[in-house]
Amino acid sequence: MFFRLFQYNLLRSVRMKEILFWSLIFPIGLGTFFQVTFGHYMEKEEIFTEIPVAYVEEADADASFGELLDTMEEGDDALIAVTDTSMEDAKQLLEEKEVSGIYYNSGEEVTLYVKEEGIKPSILQAVLQEYEQTKQTITTIAGVNPMLVEQAVQAAGQSVDMIVDEKYTGADMDQFVNYFYALLAMTSLYGCFLGVNCAVDIKADQSAIGARRIIASSSRFVGILADVAASLLIQFVCSIVGFVYLKYILGVRFGSRIPQLLLVLLVASFIGVASGFFFGSLGKRSRDSKIGIVVALTMLECFLSGLMVGNMYHIVQEHCPVINKINPAALIVDALYSLDIYDDYTRYTENLVILLGIAVLLCIGSFLAVRRERYASL
(Lines give C-alpha, C1' and ligand atoms only; values in the text may rest on other atoms or scores of the structure.)
Protein backbone atom coordinates (compact mmCIF):
# COMPACT_ATOMS: atom_id res chain seq x y z
CA MET A 1 0.00 0.00 0.00
CA PHE A 2 2.77 2.43 0.93
CA PHE A 3 4.69 2.00 -2.32
CA ARG A 4 1.53 2.24 -4.43
CA LEU A 5 0.54 5.52 -2.75
CA PHE A 6 4.15 6.73 -2.96
CA GLN A 7 4.27 6.05 -6.70
CA TYR A 8 0.86 7.64 -7.25
CA ASN A 9 1.75 10.86 -5.43
CA LEU A 10 5.14 10.95 -7.17
CA LEU A 11 3.57 10.84 -10.61
CA ARG A 12 0.81 13.27 -9.68
CA SER A 13 3.25 15.84 -8.25
CA VAL A 14 5.57 15.65 -11.25
CA ARG A 15 2.65 16.58 -13.48
CA MET A 16 1.92 19.76 -11.50
CA LYS A 17 3.62 22.32 -13.71
CA GLU A 18 3.22 25.23 -11.30
CA ILE A 19 5.07 23.35 -8.55
CA LEU A 20 7.94 22.36 -10.84
CA PHE A 21 8.14 25.95 -12.04
CA TRP A 22 8.61 27.41 -8.55
CA SER A 23 10.81 24.59 -7.26
CA LEU A 24 13.01 24.21 -10.35
CA ILE A 25 12.62 26.70 -13.20
CA PHE A 26 12.31 29.87 -11.11
CA PRO A 27 15.41 29.22 -8.92
CA ILE A 28 17.47 28.37 -12.01
CA GLY A 29 16.36 31.58 -13.72
CA LEU A 30 17.06 33.64 -10.61
CA GLY A 31 20.48 32.01 -10.20
CA THR A 32 21.31 32.87 -13.80
CA PHE A 33 20.31 36.47 -13.15
CA PHE A 34 22.51 36.59 -10.05
CA GLN A 35 25.50 35.21 -11.93
CA VAL A 36 25.10 37.60 -14.85
CA THR A 37 24.78 40.52 -12.44
CA PHE A 38 27.66 39.94 -10.04
CA GLY A 39 28.82 36.32 -10.27
CA HIS A 40 32.50 37.04 -11.04
CA TYR A 41 32.84 40.38 -9.27
CA MET A 42 35.08 38.97 -6.56
CA GLU A 43 37.31 37.20 -9.05
CA LYS A 44 37.71 40.32 -11.14
CA GLU A 45 38.03 42.94 -8.42
CA GLU A 46 38.86 41.63 -4.99
CA ILE A 47 40.90 38.43 -5.14
CA PHE A 48 44.32 39.55 -3.98
CA THR A 49 47.23 39.78 -6.42
CA GLU A 50 50.33 41.95 -6.58
CA ILE A 51 49.43 45.60 -6.16
CA PRO A 52 50.74 47.69 -9.07
CA VAL A 53 52.19 50.98 -7.82
CA ALA A 54 54.18 53.79 -9.44
CA TYR A 55 57.21 55.17 -7.61
CA VAL A 56 58.59 58.65 -8.23
CA GLU A 57 61.83 59.57 -6.46
CA GLU A 58 63.54 62.96 -6.60
CA ALA A 59 67.31 63.08 -7.10
CA ASP A 60 68.15 64.14 -3.52
CA ALA A 61 65.59 61.87 -1.81
CA ASP A 62 66.40 59.25 0.83
CA ALA A 63 66.74 55.92 -0.96
CA SER A 64 65.57 53.86 2.04
CA PHE A 65 61.92 53.85 0.97
CA GLY A 66 62.85 52.72 -2.53
CA GLU A 67 64.89 49.88 -0.99
CA LEU A 68 61.86 48.89 1.08
CA LEU A 69 59.73 48.70 -2.05
CA ASP A 70 62.39 46.59 -3.77
CA THR A 71 62.30 44.17 -0.84
CA MET A 72 58.52 43.89 -0.93
CA GLU A 73 58.65 43.26 -4.68
CA GLU A 74 60.89 40.21 -4.40
CA GLY A 75 59.81 36.57 -4.34
CA ASP A 76 56.85 34.56 -5.60
CA ASP A 77 54.58 36.04 -2.93
CA ALA A 78 55.49 39.65 -3.71
CA LEU A 79 53.11 42.20 -2.22
CA ILE A 80 53.58 44.93 -4.81
CA ALA A 81 54.79 45.47 -8.38
CA VAL A 82 56.71 48.75 -8.66
CA THR A 83 57.05 50.92 -11.74
CA ASP A 84 59.78 53.57 -11.45
CA THR A 85 58.71 56.53 -13.52
CA SER A 86 58.28 60.28 -13.65
CA MET A 87 55.42 62.08 -11.93
CA GLU A 88 53.76 62.92 -15.22
CA ASP A 89 53.79 59.32 -16.42
CA ALA A 90 52.72 58.10 -12.98
CA LYS A 91 49.62 60.32 -13.06
CA GLN A 92 48.77 58.94 -16.48
CA LEU A 93 49.11 55.36 -15.20
CA LEU A 94 46.89 56.17 -12.23
CA GLU A 95 44.30 57.81 -14.44
CA GLU A 96 44.19 54.75 -16.69
CA LYS A 97 44.01 52.47 -13.60
CA GLU A 98 47.24 50.75 -14.56
CA VAL A 99 48.46 51.31 -11.00
CA SER A 100 46.58 51.49 -7.70
CA GLY A 101 48.61 54.38 -6.34
CA ILE A 102 51.66 56.61 -6.63
CA TYR A 103 54.43 56.89 -4.05
CA TYR A 104 56.11 60.28 -4.42
CA ASN A 105 59.40 60.62 -2.56
CA SER A 106 60.21 64.34 -2.54
CA GLY A 107 63.19 64.05 -0.21
CA GLU A 108 61.40 65.65 2.74
CA GLU A 109 58.58 63.09 2.91
CA VAL A 110 56.90 60.26 1.04
CA THR A 111 53.36 60.92 -0.19
CA LEU A 112 50.81 58.44 -1.47
CA TYR A 113 48.39 59.46 -4.22
CA VAL A 114 45.36 57.29 -4.99
CA LYS A 115 42.32 57.80 -7.19
CA GLU A 116 39.72 55.75 -5.32
CA GLU A 117 39.20 53.83 -2.11
CA GLY A 118 39.50 50.07 -1.81
CA ILE A 119 41.49 47.20 -0.42
CA LYS A 120 44.63 47.81 -2.48
CA PRO A 121 44.93 51.57 -1.75
CA SER A 122 44.41 50.74 1.93
CA ILE A 123 47.31 48.28 1.85
CA LEU A 124 49.53 50.85 0.16
CA GLN A 125 48.60 53.36 2.86
CA ALA A 126 49.43 50.80 5.57
CA VAL A 127 52.86 50.21 4.00
CA LEU A 128 53.59 53.94 4.05
CA GLN A 129 52.44 54.31 7.65
CA GLU A 130 54.61 51.38 8.71
CA TYR A 131 57.61 52.95 6.98
CA GLU A 132 57.06 56.36 8.63
CA GLN A 133 56.62 54.83 12.08
CA THR A 134 59.73 52.70 11.66
CA LYS A 135 61.76 55.66 10.41
CA GLN A 136 60.63 57.76 13.36
CA THR A 137 61.50 54.96 15.77
CA ILE A 138 65.03 54.56 14.33
CA THR A 139 65.57 58.32 14.46
CA THR A 140 64.54 58.39 18.12
CA ILE A 141 66.78 55.44 18.98
CA ALA A 142 69.72 57.06 17.18
CA GLY A 143 69.30 60.17 19.33
CA VAL A 144 69.16 58.18 22.56
CA ASN A 145 71.59 55.29 21.97
CA PRO A 146 73.32 55.09 18.54
CA MET A 147 74.64 51.61 19.43
CA LEU A 148 71.11 50.17 19.08
CA VAL A 149 70.48 51.56 15.60
CA GLU A 150 71.74 48.44 13.83
CA GLN A 151 69.41 46.20 15.85
CA ALA A 152 66.49 48.52 15.11
CA VAL A 153 67.23 48.40 11.38
CA GLN A 154 67.33 44.59 11.46
CA ALA A 155 64.01 44.49 13.31
CA ALA A 156 62.50 46.85 10.75
CA GLY A 157 63.64 44.56 7.95
CA GLN A 158 61.96 41.59 9.64
CA SER A 159 58.67 43.48 9.91
CA VAL A 160 58.36 43.40 6.13
CA ASP A 161 58.19 39.61 6.30
CA MET A 162 55.21 39.84 8.65
CA ILE A 163 52.93 40.57 5.68
CA VAL A 164 52.23 37.08 4.37
CA ASP A 165 49.49 35.49 2.30
CA GLU A 166 48.13 32.68 4.43
CA LYS A 167 45.03 30.67 3.61
CA TYR A 168 43.14 29.16 6.54
CA THR A 169 40.59 27.29 4.46
CA GLY A 170 40.15 26.17 0.86
CA ALA A 171 37.43 28.75 0.27
CA ASP A 172 37.37 31.89 -1.80
CA MET A 173 36.00 34.72 0.32
CA ASP A 174 33.41 35.83 -2.21
CA GLN A 175 30.95 38.17 -0.53
CA PHE A 176 28.31 37.54 -3.20
CA VAL A 177 28.19 33.78 -2.71
CA ASN A 178 25.76 34.45 0.17
CA TYR A 179 23.15 35.28 -2.44
CA PHE A 180 23.55 31.82 -3.89
CA TYR A 181 23.42 30.24 -0.42
CA ALA A 182 20.11 32.02 0.15
CA LEU A 183 18.93 30.92 -3.29
CA LEU A 184 19.60 27.26 -2.40
CA ALA A 185 17.72 27.82 0.85
CA MET A 186 14.75 29.27 -1.02
CA THR A 187 14.78 26.40 -3.52
CA SER A 188 14.65 23.79 -0.76
CA LEU A 189 12.03 25.64 1.29
CA TYR A 190 9.79 25.81 -1.78
CA GLY A 191 8.91 22.26 -0.82
CA CYS A 192 6.13 24.04 1.08
CA PHE A 193 4.06 23.89 -2.14
CA LEU A 194 4.20 20.11 -2.10
CA GLY A 195 3.61 20.03 1.65
CA VAL A 196 0.39 22.06 1.35
CA ASN A 197 -0.86 19.70 -1.37
CA CYS A 198 -0.15 16.72 0.87
CA ALA A 199 -2.16 18.26 3.70
CA VAL A 200 -5.11 19.31 1.54
CA ASP A 201 -5.25 15.93 -0.19
CA ILE A 202 -5.91 14.11 3.09
CA LYS A 203 -8.84 16.39 3.96
CA ALA A 204 -12.08 14.87 2.75
CA ASP A 205 -13.90 18.21 2.98
CA GLN A 206 -11.33 20.05 0.83
CA SER A 207 -10.36 17.65 -1.95
CA ALA A 208 -11.88 14.81 -3.92
CA ILE A 209 -8.73 12.75 -3.35
CA GLY A 210 -9.17 13.09 0.42
CA ALA A 211 -12.79 11.99 0.17
CA ARG A 212 -11.87 8.89 -1.84
CA ARG A 213 -9.20 7.96 0.68
CA ILE A 214 -11.63 8.20 3.57
CA ILE A 215 -14.19 6.04 1.74
CA ALA A 216 -11.48 3.49 0.87
CA SER A 217 -10.70 3.09 4.59
CA SER A 218 -6.97 2.96 3.87
CA SER A 219 -4.52 3.69 6.66
CA ARG A 220 -4.35 7.45 7.04
CA PHE A 221 -0.88 7.36 8.54
CA VAL A 222 0.49 5.25 5.68
CA GLY A 223 -1.08 7.62 3.17
CA ILE A 224 0.45 10.68 4.85
CA LEU A 225 3.85 9.00 5.08
CA ALA A 226 3.78 8.02 1.40
CA ASP A 227 2.73 11.52 0.31
CA VAL A 228 5.39 13.26 2.39
CA ALA A 229 8.11 10.82 1.25
CA ALA A 230 7.23 11.37 -2.42
CA SER A 231 7.12 15.14 -1.97
CA LEU A 232 10.47 15.11 -0.17
CA LEU A 233 12.05 13.09 -2.97
CA ILE A 234 10.77 15.46 -5.64
CA GLN A 235 11.90 18.56 -3.76
CA PHE A 236 15.32 17.10 -2.97
CA VAL A 237 15.84 16.23 -6.64
CA CYS A 238 14.85 19.80 -7.60
CA SER A 239 17.32 21.18 -5.06
CA ILE A 240 20.09 18.93 -6.41
CA VAL A 241 19.36 19.98 -9.99
CA GLY A 242 19.49 23.63 -8.93
CA PHE A 243 22.78 23.08 -7.10
CA VAL A 244 24.34 21.23 -10.04
CA TYR A 245 23.30 24.02 -12.38
CA LEU A 246 24.76 26.73 -10.14
CA LYS A 247 28.03 24.93 -9.44
CA TYR A 248 28.86 23.16 -12.69
CA ILE A 249 27.08 25.27 -15.31
CA LEU A 250 27.36 28.78 -13.86
CA GLY A 251 30.60 28.05 -11.97
CA VAL A 252 29.50 29.30 -8.53
CA ARG A 253 32.08 28.34 -5.90
CA PHE A 254 30.44 26.24 -3.18
CA GLY A 255 33.60 24.58 -1.85
CA SER A 256 34.52 20.91 -2.03
CA ARG A 257 32.41 19.36 0.74
CA ILE A 258 29.64 18.20 -1.55
CA PRO A 259 28.20 15.32 0.57
CA GLN A 260 27.79 17.59 3.59
CA LEU A 261 26.21 20.26 1.42
CA LEU A 262 23.74 17.75 -0.02
CA LEU A 263 22.82 16.72 3.53
CA VAL A 264 21.91 20.34 4.27
CA LEU A 265 19.74 20.43 1.15
CA LEU A 266 18.01 17.20 2.20
CA VAL A 267 17.18 18.54 5.65
CA ALA A 268 16.13 21.89 4.15
CA SER A 269 13.83 20.14 1.67
CA PHE A 270 12.29 18.19 4.53
CA ILE A 271 11.63 21.41 6.45
CA GLY A 272 10.06 22.93 3.34
CA VAL A 273 7.67 20.01 2.91
CA ALA A 274 6.98 19.79 6.66
CA SER A 275 6.21 23.51 6.97
CA GLY A 276 3.83 23.32 4.02
CA PHE A 277 2.13 20.27 5.53
CA PHE A 278 1.84 21.99 8.92
CA PHE A 279 0.17 25.15 7.59
CA GLY A 280 -1.90 23.12 5.15
CA SER A 281 -3.27 21.09 8.05
CA LEU A 282 -4.53 24.14 9.94
CA GLY A 283 -8.01 25.48 9.42
CA LYS A 284 -10.40 25.15 6.52
CA ARG A 285 -8.99 27.76 4.17
CA SER A 286 -8.69 26.94 0.50
CA ARG A 287 -5.59 25.42 -1.03
CA ASP A 288 -4.63 28.72 -2.68
CA SER A 289 -4.98 30.65 0.60
CA LYS A 290 -2.72 28.22 2.41
CA ILE A 291 -0.16 28.32 -0.38
CA GLY A 292 -0.22 32.12 -0.19
CA ILE A 293 0.50 31.99 3.56
CA VAL A 294 3.46 29.60 3.26
CA VAL A 295 4.91 31.51 0.29
CA ALA A 296 4.75 34.79 2.22
CA LEU A 297 6.41 33.17 5.23
CA THR A 298 9.09 31.52 3.09
CA MET A 299 9.95 34.75 1.30
CA LEU A 300 10.18 36.58 4.63
CA GLU A 301 12.59 33.91 5.88
CA CYS A 302 14.66 34.18 2.70
CA PHE A 303 14.70 37.98 2.89
CA LEU A 304 16.07 37.85 6.44
CA SER A 305 18.70 35.32 5.32
CA GLY A 306 20.08 37.67 2.64
CA LEU A 307 18.37 36.68 -0.61
CA MET A 308 17.39 40.25 -1.50
CA VAL A 309 19.95 42.19 0.60
CA GLY A 310 23.30 40.43 0.86
CA ASN A 311 24.26 41.61 4.36
CA MET A 312 20.77 41.24 5.86
CA TYR A 313 21.85 38.13 7.76
CA HIS A 314 24.60 40.12 9.50
CA ILE A 315 22.23 43.02 10.22
CA VAL A 316 19.80 40.64 11.93
CA GLN A 317 22.69 38.94 13.74
CA GLU A 318 23.81 42.28 15.13
CA HIS A 319 20.43 43.57 16.29
CA CYS A 320 18.37 40.43 17.01
CA PRO A 321 20.47 37.24 16.72
CA VAL A 322 17.70 35.03 18.08
CA ILE A 323 15.86 35.42 14.75
CA ASN A 324 18.75 33.77 12.92
CA LYS A 325 18.54 30.85 15.34
CA ILE A 326 14.89 30.12 14.52
CA ASN A 327 14.79 31.17 10.87
CA PRO A 328 15.22 28.01 8.74
CA ALA A 329 16.53 29.97 5.74
CA ALA A 330 19.16 31.72 7.88
CA LEU A 331 20.21 28.40 9.43
CA ILE A 332 20.57 26.86 5.97
CA VAL A 333 22.66 29.79 4.75
CA ASP A 334 24.86 29.68 7.84
CA ALA A 335 25.35 25.91 7.51
CA LEU A 336 26.45 26.29 3.88
CA TYR A 337 28.67 29.24 4.80
CA SER A 338 30.34 27.31 7.62
CA LEU A 339 31.07 24.41 5.26
CA ASP A 340 32.82 26.76 2.88
CA ILE A 341 34.79 28.72 5.49
CA TYR A 342 35.60 26.64 8.57
CA ASP A 343 37.79 23.55 8.75
CA ASP A 344 35.80 21.95 11.59
CA TYR A 345 32.12 21.01 11.64
CA THR A 346 31.11 22.62 14.93
CA ARG A 347 29.03 25.44 13.48
CA TYR A 348 27.73 23.25 10.67
CA THR A 349 26.56 20.59 13.13
CA GLU A 350 24.90 23.17 15.38
CA ASN A 351 22.88 24.56 12.48
CA LEU A 352 21.94 21.09 11.27
CA VAL A 353 20.74 20.03 14.73
CA ILE A 354 18.54 23.14 15.03
CA LEU A 355 17.12 22.51 11.55
CA LEU A 356 16.26 18.93 12.47
CA GLY A 357 14.67 20.17 15.69
CA ILE A 358 12.47 22.56 13.73
CA ALA A 359 11.50 19.76 11.35
CA VAL A 360 10.52 17.51 14.26
CA LEU A 361 8.39 20.26 15.82
CA LEU A 362 6.63 20.84 12.49
CA CYS A 363 5.90 17.12 12.16
CA ILE A 364 4.52 16.92 15.69
CA GLY A 365 2.35 19.98 15.10
CA SER A 366 1.06 18.51 11.83
CA PHE A 367 0.23 15.20 13.51
CA LEU A 368 -1.69 16.93 16.29
CA ALA A 369 -3.60 19.00 13.74
CA VAL A 370 -4.85 16.05 11.66
CA ARG A 371 -5.14 13.13 14.05
CA ARG A 372 -8.56 14.05 15.48
CA GLU A 373 -10.28 15.05 12.25
CA ARG A 374 -13.60 13.24 11.74
CA TYR A 375 -16.34 13.74 9.16
CA ALA A 376 -20.05 13.36 9.88
CA SER A 377 -20.82 13.12 6.17
CA LEU A 378 -19.13 13.48 2.78
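Right above here is the structure, for reference.
Here's what I pulled together on the structure shown here. Treat the numbers as computed from the prediction; the structure is a model and nothing was measured.

What counts as what
- Residues numbered from 1 in each chain as written.
- Predicted model: local features only at pLDDT ≥ 70, side-chain atom pairs only at ≥ 80, totals over all residues.
- Heavy atoms only, no water.
- Salt bridge = Lys/Arg side-chain N within 4 Å of Asp/Glu carboxyl O.
- Helix = DSSP H or I, 4+ residues; strand = E, 2+ residues; numbered from the N terminus.
- Buried < 20%, exposed > 50% of the residue type's maximum accessible area, 1.4 Å probe, protein only.
- Core = buried A, V, L, I, M, F, W, Y, C linked by side-chain atoms within 4.5 Å.
- Contact = heavy atoms within 4.5 Å.
- Pairing = 2+ DSSP bridges.
- Phe/Tyr/Trp six-rings, centres within 6.5 Å; stacked < 30°, edge-to-face > 60°.
- Lys NZ or Arg CZ within 6 Å of the ring centre and 35° of its normal.
- Arc of directions from axis to C-beta.
- Axes fitted to C-alpha atoms, helices over the stretch in contact; angles between N-to-C directions.
- Parallel < 35°, antiparallel > 145°, perpendicular 65-115°, else oblique.
- Left-handed = near helix turned anticlockwise from the far one by under 90°.
- Nonpolar A, V, L, I, M, F, W, Y, C, P; charged D, E, K, R; others polar.

Thoughts on the pattern of salt bridges
Line of reasoning, step 1. Within the structure shown, the criterion is met by five salt bridges.
Line of reasoning, step 2. Put simply, D201 and R12 hold a salt bridge, and the shortest N to O gap is 2.6 Å. A residue pair is termed long-range when its members are at least 10 positions apart, and D201 in the loop between α9 (192–200) and α10 (208–216) and R12 in helix α1 (residues 2–14) qualify at 189 residues.
Line of reasoning, step 3. Residue D201 is classed as buried on the basis of its relative accessible area, which comes to 2%.

Brief notes about the nonpolar core
Line of reasoning, step 1. With 55 residues, the main nonpolar core has F34, L246, F254 and I332 as its most contacted residues.
Line of reasoning, step 2. Only α2 (17–38), α8 (177–189), α9, α11 (220–249), α12 (258–281), α13 (287–305), α16 (328–341) and α17 (346–370) provide two or more residues apiece to this core.
Line of reasoning, step 3. Among the elements that make up this core, the one with the highest residue count is α8 (ten residues).
Line of reasoning, step 4. Discounting residues that sit within four places of it in the chain, I332 has contacts with A185, L189, V264, A268 and L355.
Line of reasoning, step 5. Membership of the second largest hydrophobic core comes to 17 residues, among which are I51, L68, L112 and L124.

Brief notes about the pairing of strand β1 (residues 51–57)
Line of reasoning, step 1. Taken across its seven residues, β1 has five buried, putting it largely inside the fold.
Line of reasoning, step 2. As judged from the five bridges shared by β1 and strand β2 (residues 80–84), these two strands associate in the parallel manner. Residue pairing across strands places Y55 opposite D84, the latter belonging to β2.
Line of reasoning, step 3. As paired elements, β1 and strand β3 (residues 101–105) share five bridges and run parallel to each other. Paired with E57 across the bridge in β3 is N105.

Describing the packing of aromatic side chains
What describes a pair of aromatic rings is the distance from one ring centre to the other and the angle between the planes of the rings.
Line of reasoning, step 1. Applying the stated rule across the entire model yields 18 aromatic pairs.
Line of reasoning, step 2. The interplanar angle of 90 degrees and the centroid separation of 5.9 Å between the aromatic rings of F34 and F180 together place this pair among those described as edge-to-face. Taken together, the residues F34 in helix α2 and F180 in helix α8 connect sequence positions 146 residues apart.
Line of reasoning, step 3. Classification of F180 by relative accessible area gives buried; the value is 2%.
Line of reasoning, step 4. For the pair Y190 and F193, a centre-to-centre distance of 5.3 Å together with 65 degrees between the ring planes defines the contact as edge-to-face. Taken as a pair, Y190 and F193 share a single burial class, namely buried.
Line of reasoning, step 5. A connected cluster of aromatic rings, assembled from ring pairs, spans F21, W22, F26, Y190 and F193.
Line of reasoning, step 6. Between K247 and the ring centre of Y248, over which it is positioned, the NZ or CZ distance is 5.6 Å.
Line of reasoning, step 7. Residue placement shows R257 over the ring face of Y345; its charged tip is 5.0 Å from the ring centre.

Comments concerning helix α14 (residues 312–319)
Line of reasoning, step 1. Those residues of α14 not exposed but buried are M312, Y313 and V316. Angular distribution of buried residues about the axis of α14 spans 105 degrees; they occupy a single face of the element.
Line of reasoning, step 2. Buried residues along α14 sit against α13, α15 (321–326), α16 and α17.

Details of unusual backbone geometry
Line of reasoning, step 1. Notably, K97 is not glycine yet its phi reads approximately 65 degrees, a positive angle.
Line of reasoning, step 2. Position of K97 among the secondary structure elements: in the loop between α5 (87–95) and β3.
Line of reasoning, step 3. Given the relative accessible area of 58%, K97 is considered exposed.

A look at the environment of A182
Line of reasoning, step 1. You can see A182 is positioned in helix α8.
Line of reasoning, step 2. A182 gets classed as buried once you look at its relative accessible area, which sits at 0%.
Line of reasoning, step 3. A C-alpha to C-alpha distance of 9.0 Å links A182 and G310, two positions 128 residues apart in sequence.
Line of reasoning, step 4. Every residue in contact with A182, bar those within four places of it in the chain, is listed here: S305, G306, L307 and V333.

A short note on the environment of I123
Line of reasoning, step 1. Of note, I123 is situated in helix α6 (residues 119–144).
Line of reasoning, step 2. Its relative accessible area of 23% is what places I123 among the partly exposed residues.
Line of reasoning, step 3. Expressed as a C-alpha distance, the spacing of I123 and I51, which sit 72 residues apart in the sequence, is 8.7 Å.

Points about the packing of α11 against α12
Line of reasoning, step 1. Axis separation between α11 and α12 bottoms out at 9 Å; the angle between their running directions is 135 degrees. Here α12 runs oblique to α11, going by the angle between their axes. Crossing handedness for the pair α11 and α12: right-handed. Residue-level contacts link I224, V228, S231, L232, Q235, F236, S239, I240, F243 and K247 of α11 to I258, L261, L262, L265, L266, S269, F270, V273 and F277 of α12.
Line of reasoning, step 2. Residues belonging to the contact of α11 with α12 are distributed by class as follows: 14 nonpolar, four polar and one charged.

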